[in-house]
Amino acid sequence: MHIDASQIFNFLPVPTDIHFGCGVVRSLGDRIRSLGGTKAFLVTDPGVRAAGILEEITAALRAAAVDYTICERVKPDSGSALIDEATAELKQSGADAVVGIGGGSSLDTAKAVAALAANPGGALAYVGLHKIRNHPLPMIAIPTTAGTGSEVTLWAVFTDESKGLKVAIGSALIYPAVALCDPELTLSLPPHLTASTGMDAMAHAIECCTNNACQPISAALALRAIELIGRNLRSAVLNGRNRQARYAMMLAAAMAGIAMNPTRLGLAHALAMPLGSWDIRVPHGMALAITLPAVMEFNYLAEPARFVEVSRALGEPVDDLPPLEAARRAVHVVRSLARDIGIPKGLAEFGVREEHVEPIVAEAMKSGNVPVNPRRACAEDLGRILRQAL
Ligand SMILES: [Fe+2]
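One structure accompanies this document, and this report is about it. By convention here, each chain's residues receive numbers from 1 onward along its written sequence. Reporting of local features is limited, given that this is a predicted model, to residues whose pLDDT is at least 70; pairs of side-chain atoms are given and counted only at 80 or more, and all residues count toward the totals for whole chains, interfaces and linings. Heavy atoms throughout the structure, all of them, feed into the side-chain values; hydrogens and water do not.

Each Phe, Tyr or Trp ring, with Trp reduced to its six-membered ring, pairs with another whose centre is within 6.5 Å; inter-plane angles below 30 degrees give stacked pairs, above 60 give edge-to-face pairs, and intermediate values give tilted ones. Within the structure shown, the criterion is met by one aromatic pair. Ring centres of Phe20 and Tyr247 lie 5.0 Å apart, and the angle between their planes is 65°; this geometry places the pair in the edge-to-face category. Residue Phe20 is found in strand S1 (residues 17-20), and its partner Tyr247 is found in helix H8 (residues 243-260); the two are separated by 227 residues along the sequence. We call a charge positioned over a ring when the NZ of a Lys or the CZ of an Arg lies within 6 Å of the ring centre and within 35 degrees of the ring normal. Sitting above the plane of the Phe298 ring, Arg375 keeps its charged end 4.0 Å from the centroid. The helix count covers DSSP runs of H or I at least four residues long, the strand count covers runs of E at least two residues long, and both are numbered beginning at the N terminus.

Our focus in this paragraph is the sheet that holds strand S8 (residues 165-170). At least two bridges found by DSSP between two strands are what make those strands a pair. Pairing is mixed in the open sheet, where three strands are placed in the order S5-S8-S7. A strand with exactly one partner marks an edge of an open sheet, and here the two such strands are strand S5 (128-129) and strand S7 (155-160). In terms of strand pairing, S7 meets S8 through six bridges, oriented antiparallel. When the bridges of S8 are listed, Trp155 appears paired with Gly170.

Quick look at the coordination of the iron ion now. Distances up to 2.8 Å from the metal define which N, O and S atoms are donors, and 3.2 Å serves for Na, K and Ca; water is absent from the atom set, so sites may look incomplete. For the iron ion, the full set of protein donor atoms is Asp200 (OD), His204 (NE2), His269 (NE2) and His284 (NE2), at a range of 2.2 Å. Sites are called tetrahedral only when four donors show all angles between 85 and 135 degrees, square planar or octahedral only when four or six donors show opposite pairs over 155 degrees and all other angles between 65 and 115, and irregular in any remaining case. Coordination geometry of the iron ion: the four donor atoms subtend angles of 83 to 166° at the metal centre, consistent with an arrangement described as irregular. All donor residues of the iron ion come from one chain, and their arrangement in sequence is D-x3-H-x64-H-x14-H. On the criterion of sequence distance, the pair formed by His204 in helix H6 (residues 191-210) and His269 in helix H9 (residues 267-275) is long-range, its members being 65 residues apart. This pair shows no difference in class: His204 is buried, exactly as His269 is. Only protein chains enter the accessibility calculation, which uses a 1.4 Å probe; a residue is then buried when its area is under 20% of its type maximum, exposed when over 50%, and partly exposed in between.

Moving on: H8. Owing to its 3.6 residues per turn, the α-helix aligns residues three or four sequence positions apart on the same side. With 18 residues, H8 extends 26 Å from end C-alpha to end C-alpha; this agrees with the ideal 26 Å at 1.5 Å per step. Polar contacts, as used here, are pairs of N or O atoms within 3.5 Å; protein pairs need one atom able to donate a hydrogen and one able to accept it. Residues neighboring in sequence count only if both atoms are side-chain atoms. Where H8 begins, the capping side chain belongs to Asn242, and its oxygen is found 3.1 Å from the backbone nitrogen of Gln244. Multiplying 1.5 Å by the residue count of a helix minus one yields the expected span of that helix.

Shown next as structure tokens:
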């Protein structure tokens, strides 16, 4: 690892109590009790019930004699209205702990609900960084995808329905109190969701360890996550019952999530927020999977040494190559990984057209992920990258 003796950096240890491994979800009742909870408010989406996961979780709660109420109306990139409604339901239910079960949308909705239960006003009042004042209700995150890392991050992303825009609450108070990372819950995740969420984790890891806020502790986690994803995402997509691949992917998603908390990300994530907004609504992981290679192609020239580390983590024999060529290998490997796991070639498949480029770029340029990008980027650059990904 490259050491820069002049670097001063900050690393935020994650306060989340992480329990990792096959079967850990069955300890949910004990975890709620150890947090002082007696009644749980479960936030999830209909797919989790359809996969049989909700039944397993409620059985664990009944076995531990923990009472619960279920809100299962979360949709992809759920909105502020649902968060506000669910918060009212939670208060009515008398629950004293929140459990998010699902992908990023369910976990983020649950994090926001737990925060709003202890803070006045609606979700939109807290968009931005560090606006939450009071400690949320204890929240337990149970991911059923391996990608967002929401189980260990300080972010909750949702849609501001008044503008149709994806927005985020970021606060050190909204880390889940507990994460139950049980790879068995991902065994039935369909290939296209495994692929897109896995590429989201890859984007977290690559953007955080190549950007200008990159620092050695985050980089160590991110590079190991890249290695795990490079070795296991194909198997997880092509043979979903492969427990080892599922375990590795869930581990990588959590490691990338921890890595990115102090660093922010880069242009791919700046673009993914508006790509998931308005009536465009490209799923987050797909937006990342498609734009990431184009963003890497733009970035590697600015910081080749960081991209050489990515190439190495991806298992490329780069030691005898000239630095730029060694750096560029990472772009090729990520592009072929996306192709192998069935990621569509371009955003046009999701209805993104030339007329969308300008509003997407205008919104992306407001992102806090642009200033940390390894190569300085203006609106024209983002427009070029986005057109390449159409
Ligand atoms: Fe992401």
